[in-house]
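# A structural walkthrough
As a plain string of letters, each chain reads:
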Amino acid sequence: MNPFARISAIAVPIDEPNVDTNQLCPTRFNKLPRGPAYARVLFHDRRFNADGSEKEHILNAEPFNRAQIIVADRNWGSGSSRESAVYALYEFGIRCIIAPSFADIHLNNCYKNGLLPVVLGEAECEALRGQLRDRPGATIAVDLDAQTVTDARGGIHRFDIDPVRKKCLLEGLDDIARTLQYQRAFEAFEADYRNERAWLYA
Amino acid sequence: MPQSIPTCAPRTLVDKIWTRHVVVQDGAEVLLYVDRAFIHEGASHAFDKLEEEGRSVARPRQVFAFTDHYVPTIGRDRGLSGIANADIRNMIVRLHANADKHGIRLFGIDDPHQGILHIVPPEQGITQPGLMICGADSHTATHGAFGCIAFGIGASEMMHVMATQAIWQRPQKSMRITIDGELGFGVAPKDVILAIVALIGVDGGTGHIIEYAGSTLRRMSMEGRMTICNMSIEAGARAGMVAPDETTFEYLHGRAYAPKASGWDAALAFWKTLPSDEGARYDREVALSAPEIAPMVTWGTNPAQGAPVTGVVPDPRDVADAIAAQEVASAIEYQGLAPGMALGDIRVDRVFIGSCTNSRIEDLRAAAEVAKLGKAVVSAWVVPGSQHVKRQAEQEGLDAVFRNSGFEWREPGCSLCTAINGDQLRPGERCASTSNRNFKGRQGPGGRTHLMSPAMAAAAALKGRLTDVRELLRRG
Ligand code: SF4
């Protein structure tokens, strides 16, 4: 996993609550192996016609087609557990999503792929989206170490993040390495557990 | 949550299971032991990652693989070679190869027990009370109906589970939803969960594990409980569960993977300790009265956008919050409806009875009960959840009932629920569906979905429009 430290990049407003993973990656693309082809998959059915030509969509238009940050509305990423939704975001170039709330599984999938989800208040997100609509191409700076978002007008917004998740993102640490540090505890646990629930292993 | 509660205090079902699975704590996260993991063809991403890092599956006997998302629902007698689309065939071939390579029990395309990953494990007794189960699919909550903690995870987390048989989690809040009283005539478990999602919203359960309780649940069959737990994710919850009881034990007894002989007695004694203690505390409580629930349908593009079938399509102008109003307007536009229109006037082009929400034997019985009252006037598919369900339905003559009424009887799989195997709606087509998601394009690009119970879907097939099944049944 690539580490995440700080970025300053064009941000795109998406004014829609409950964006589900089926919009981020329509089901039929789930079978694509991970790679650059996923860039076109993001919001595919809203961005492209059946013949492949572009529809009108904020992510197709300059300068938003170069965005690395999305400012969204509540319950971003609801629905299916498909990690391909995160691949689509990542390959498009998105590294950070700022929203009032995230759906559970999608949130985890973001962390596991080096994409930073930032939770700010509903009003703050709305104000940020307003700035971005007023000044298309405005940049937002996100500093994970300092836990701050600097908006297009220079306003600073602090955000919370769990220390373990922060460390994993900053260092690009993968979970398996972390788990294997506890291999002895795991083995002791399992021996005891198997003994107690022998019927599961008959 | 779990760890902070002293052991003498009354504990919830979820506390008891969670606490027993903690291997270690690290900061705000705990490493939980995973009893069983369920995967399907979509696990190719997880296997690719394993491969990339040169890792193997730690406990292959605790991982189970299912062919369901990509299998065709016709022409199955030709097995793999019956799949014309090479990309789709390849997904199944790869799962077979990966399962083979890692020594994982596979319910493959030709297996006599093949079926959907949330239908087969209960049927086989693989799902049991007290377990920690992870699935590569968001509807893994289904298994919570047996009194276990079961939740969906993405590919990276599934790779972690396969490589270590454990998962990092942070504590969840607890919510109890109590449903009391007798369900009305023609009202099904699906109506209960659609009513719950409409009540608490698509993010009402976020950060929570829901325990469903109350007299309605106690009287409900395992099939009904599974339908309810299945859609916990539609309210944003990590998992949903029901305390195990005699109904659970009776269901499990004698199933292929259920404990046998003295193992059964030991398991049973343990299972009986699981239900929440008297006086256990929940972070949030919600109550519903069963007699007040009517047959439900969704009108919009998220599962909370539903109403009793006797209702109307809402008017965005009546919605106070501007963004919410915009959401309603956009849903109505996509669905091709008009504000104020009676739900019973919505015409449908297709009917789909199937999916892990509603493709068990009771669902098919309920649909057949209605189907036999007339003839389908639109294309209507019945897709059993597993070969086991299919055989049982055929023994009971349900396939004949469906065929005689003009319904198509197909082979088990996810099919039109997620439209990934080639079964899909055409743009603009409208479907009455017993599945769990009505997102834009879920059943195919441009397709429109209305969620409802199996009996309601069968009624829609006979009338060609959304129909209050109670009227049909009363007349029938
Ligand atoms: S039936 Fe639908 S919801 Fe259930 S596992 Fe299959 S695709 Fe997922």
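To start, this report covers the structure provided alongside it. (Residues numbered from 1 in each chain as written. Chains lettered and ligands numbered in written order. Predicted model: local features only at pLDDT ≥ 70, side-chain atom pairs only at ≥ 80, totals over all residues. Heavy atoms only, no water.)

## Details of the interface of chain B and chain A
Listed by partner, the interface residues are 66 residues for chain B and 57 residues for chain A. Summing both partners gives a buried area of about 5100 Å² for chain B against chain A, and 53% of it is carried by carbon and sulfur. Three residues, B:R20, B:H45 and B:I323, lead the burial of chain B against chain A; their summed loss comes to 13% of the area buried on that side. Our enumeration of links across chain B and chain A arrives at nine salt bridges. For B:R20, the salt bridge goes to A:E196, with nearest N and O atoms at 2.8 Å. (Contact = heavy atoms within 4.5 Å. Buried area = accessible area lost by both parts, 1.4 Å probe. Salt bridge = Lys/Arg side-chain N within 4 Å of Asp/Glu carboxyl O.)

## Regarding the site of the ligand
Residues and elements named next belong to chain B. Taken together, 13 residues sit near the ligand, with H139, C356, C414, C417 and N436 positioned nearest. Comparing atom positions with the cavity grids shows the ligand to sit within the largest cavity. For the shell around the ligand, the residue count by class is five nonpolar, six polar and two charged. (Near = heavy atom within 4 Å. 1 Å grid on protein atoms, 1.4 Å probe; cavity = no way out; pocket = protein on both sides within 12 Å on 5 of 7 lines; lining within 4 Å. Sits in = over half its atoms within 2 Å of the grid points. Nonpolar A, V, L, I, M, F, W, Y, C, P; charged D, E, K, R; others polar.)

## Side note on the nonpolar core
One finds A:W76, A:I98, A:V142 and B:F407 to be the most contacted residues of the largest nonpolar core, which totals 206 residues. With eight residues, helix α15 (residues 454–463) of chain B is the single largest residue contributor to this core. Apart from the residues within four sequence positions on either side, A:V142 is in contact with A:F4, A:A5, A:R6, A:I7, A:I69, A:C96, A:L116, A:V118, A:T148, A:V149 and A:F159. In this structure, B:V71, B:I83, B:I88 and B:I420 belong to the second largest nonpolar core, which totals eight residues. (Core = buried A, V, L, I, M, F, W, Y, C linked by side-chain atoms within 4.5 Å. Buried < 20%, exposed > 50% of the residue type's maximum accessible area, 1.4 Å probe, protein only. Helix = DSSP H or I, 4+ residues; strand = E, 2+ residues; numbered from the N terminus.)

## Regarding the sheet that holds strand β4 (residues 116–119) of chain A
All names here are of chain A. Ordered by their spatial adjacency, seven strands build an open sheet running β4-β3-β2-β1-β5-β6-β7, and the pairing between neighbours is mixed. Two strands bound the open sheet, and with one partner strand each, they are β4 and β7 (156–158). Along the sheet, successive strands turn relative to each other by an average axial angle of 25 degrees, direction set aside. Pairing analysis gives four bridges linking strand β3 (residues 96–99) to β4, with the strands arranged parallel. The residue bridging I97 from the neighbouring strand is P117, located in β4. (Pairing = 2+ DSSP bridges. Axes fitted to C-alpha atoms, helices over the stretch in contact; angles between N-to-C directions.)

## Thoughts on the pairing of strand β2 (residues 29–33) of chain B
Residues and elements named next belong to chain B. The element β2 is extensively covered by neighbouring structure, given that five of its five residues are classed as buried. Neither face of β2 is open: one carries E29, L31 and Y33, the other V30 and L32, and all of them are buried. Here strand β1 (residues 22–26) pairs with β2 via four bridges, running antiparallel. Counted as the bridge partner of V24 is L31 from β2.

## Some points on the pattern of salt bridges
Side chains that carry opposite charge are capable of pairing whenever their charged atoms lie near each other. Scanning the model with the defined rule gives 42 salt bridges over all chains in all. As a salt-bridge pair, B:D26 and A:R178 come within 3.1 Å of each other at their nearest N and O atoms. Highlighted residues: B:D26 in strand β1 and A:R178 in helix α8 (residues 175–180), drawn from two different chains. Given the relative accessible area of 7%, A:R178 is considered buried. The residue B:E29 makes a salt bridge to A:R178 at a minimum N-O spacing of 2.7 Å. With one member in each of two chains, B:E29 in strand β2 and A:R178 in helix α8 form a pair that bridges those chains. A relative accessible area of 5% means that B:E29 is categorised as buried. It is possible to trace a salt-bridge network through shared partners that takes in A:K112, A:D162, A:R165, A:D175, A:R178, B:D26, B:E29 and B:R170.

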